[in-house]
Each structure stands twice: as C-alpha cells, then as structure tokens.
Amino acid sequence: GCGGGAATCGGATTPKPFVNTVSEIKPGVASVTKYTDPALGVKQIEISVNNPAQNVKVSVTKYDSKPAAVSVSKSGKVYQYLQISEQNLGTKMDKAKVQFKVEKSWASSNGLGKDKIAVYKFDATAGKWNELQTTLSSEDSTHYYYDAELSSFSYFVISEKTLLGGEGTTATGETPTAEGRSMTWLWWVLIALVVVLAVWWMMRKKE
C-alpha cells in the first residue's frame, strides 16, 4: 500500500510532515507553534492573523533533496529543503515569522560562516528562488537561528548565500540562466498570443 507515514511510492520515499494544530488564532495575538524535531530546519512559526482562524494546521516537511514539485535546484551548498503549508488559514493570515535553524557542524564542515547562510523561498510562478530577508537572531552550542518574515507559505531552502552575478567570488551565474529561461518562456507566450490574434483576425475577416 501507499498509505501511512514514510510510504515508498514508485521508489521515492514521501517525507512525513510535522503537523502542529492551533485551535484558534485571534487578531492582535500572535500564535507561536514550536517544532522540536532536532533534524528539522524549523524551530518555530509565529502566526499573526487579520481575522479569527479556527483549527489551524501548520505542516513542515523536510526533504533530503529537491522536492519533486520544485522545478529548479538551488545552487550552492544546500542544508535543507522544506515545505511549509497550512490548513484553515488562507487569506486570514497577516504574516508569519519563521525561525529556521542550522546545525553549526554543517556550517563549519562546508566552510560557511553564520553570515553566509540564507533562506530562500520558491516562487513557483517565476520558477526561481528568492532570498528572504533573514536575521541571525541567536545561537547556542549546536545551532544558528535565523528569523524570516513571510506573507505566505511555499517551499523553502536553507543554503549557502549565493551572490548575484558580479558581486563577488562566490557568484554562481544562476540568476542570468534563470532569467534567460523565463525570457524564453515569455517569448513563447508572446508568439502564441500573436498566432491566436492572427487566427481571430482571419476568422473575423471571413465573416
């Protein structure tokens, strides 16, 4: 069968989400939901709403490699891909403050200082990773903790901070290719539009 926890379906193991349920969130009172799993890259999520929300479920899923639903791999050294999703919140969410966590041992084994780590959010429409404004809020003997504010949930990746082309030695050249891809895509859309218009014009002339 394909049900249950980490079910192996078609060879790929489906990671098990960590789900927290909040019975009610009221405007003006932020609700904090904590995640205790040591291997998970999220420590807590603080949610603020603009309308009362009941029975809110917030799921965090950790992926060891790029999730199938994400079309673009993140360049640089990747600590963890994550998916954060919600139920019964939708447009009621005003903002969420997520505290991500990174093992210091991973950072040091990859030669990364705490200021060289960032969180990126996947933009499915544009097919690219956008760096979030992340602040190093604290650290303990084992982890660095980073805060990021969001207006919606998606797929995220905690990874090496990759500079935009030409900004320094760690430039990856990822940005131009991603842009190049979306430009090609734009051209196809324009061409399709021209064809549709031409057909419509021909039909109109026939009438």
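Model, not experiment: these values are computed from the prediction. (Residues numbered from 1 in each chain as written. Predicted model: local features only at pLDDT ≥ 70, side-chain atom pairs only at ≥ 80, totals over all residues. Heavy atoms only, no water.)

Topic: the side chain of K74
Part 1 of the reasoning: Tracing the backbone shows K74 in the loop between β6 (53-63) and β7 (78-87).
Part 2 of the reasoning: Side chain to side chain, K74 and T162 meet in a polar contact 2.8 Å long. (Helix = DSSP H or I, 4+ residues; strand = E, 2+ residues; numbered from the N terminus. Polar contact = N/O pair within 3.5 Å; in protein donor to acceptor, adjacent residues only side chain to side chain.)

Structural notes on the pairing of strand β11 (residues 134-139)
Part 1 of the reasoning: Inspection of the sheet shows β11 paired to strand β12 (residues 143-150) by five bridges, in the antiparallel sense. Paired with T134 across the bridge in β12 is A148.
Part 2 of the reasoning: Between β11 and β12, which pair antiparallel and follow one another directly, the connecting turn spans three residues. (Pairing = 2+ DSSP bridges.)

Focus: the confidence of the model for the chain
Detailed reading of the predicted coordinates is not advisable wherever pLDDT is low.
Part 1 of the reasoning: Of all residues in the chain, 84% attain a pLDDT of 70 or more, and the chain-wide mean is 86.
Part 2 of the reasoning: Taken together, the stretch residues 1-11 has pLDDT below 50 and engages in eleven contacts with residues farther than four places along the chain or on a different chain.
Part 3 of the reasoning: Under a pLDDT of 50 for its full length, residues 165-177 has, in the predicted model, 14 contacts with residues more than four places off or in other chains. (pLDDT = per-residue confidence, 0-100. Contact = heavy atoms within 4.5 Å.)

Digging into the pattern of salt bridges
Part 1 of the reasoning: Within this structure, the stated rule accounts for six salt bridges.
Part 2 of the reasoning: Between K26 and E24 there is a salt bridge, with its nearest N and O atoms 4.0 Å apart.
Part 3 of the reasoning: On the basis of relative accessibility, which here comes to 36%, the residue E24 falls in the partly exposed class.
Part 4 of the reasoning: Here E139 ties to K114 by a salt bridge, and the two come within 2.6 Å at their closest N and O atoms. Of this pair, E139 sits in strand β11 while K114 sits in the loop between α1 (104-109) and β9 (117-123); the two residues are 25 residues apart in sequence, bridging distant segments of the chain.
Part 5 of the reasoning: Its relative accessible area of 36% is what places E139 among the partly exposed residues.
Part 6 of the reasoning: Overlapping salt bridges, with partners in common, bring together K104, K114 and E139 in one network. (Salt bridge = Lys/Arg side-chain N within 4 Å of Asp/Glu carboxyl O. Buried < 20%, exposed > 50% of the residue type's maximum accessible area, 1.4 Å probe, protein only.)

Some words on the sheet that holds strand β10 (residues 128-131)
Part 1 of the reasoning: Here we have six strands laid out as an open sheet, ordered β3-β6-β7-β13-β9-β10, and antiparallel in their pairing. Each edge of the open sheet carries a strand with a single partner, namely β3 (18-25) and β10. Looking at each pair of strands side by side, their axes are set apart by 25° on average, direction ignored.
Part 2 of the reasoning: Judged from the five bridges that link them, β9 and strand β13 (residues 155-160) form a sheet pairing that is antiparallel. In the sheet register, Y120 faces β13, and the bridge partner there is V157. (Axes fitted to C-alpha atoms, helices over the stretch in contact; angles between N-to-C directions.)

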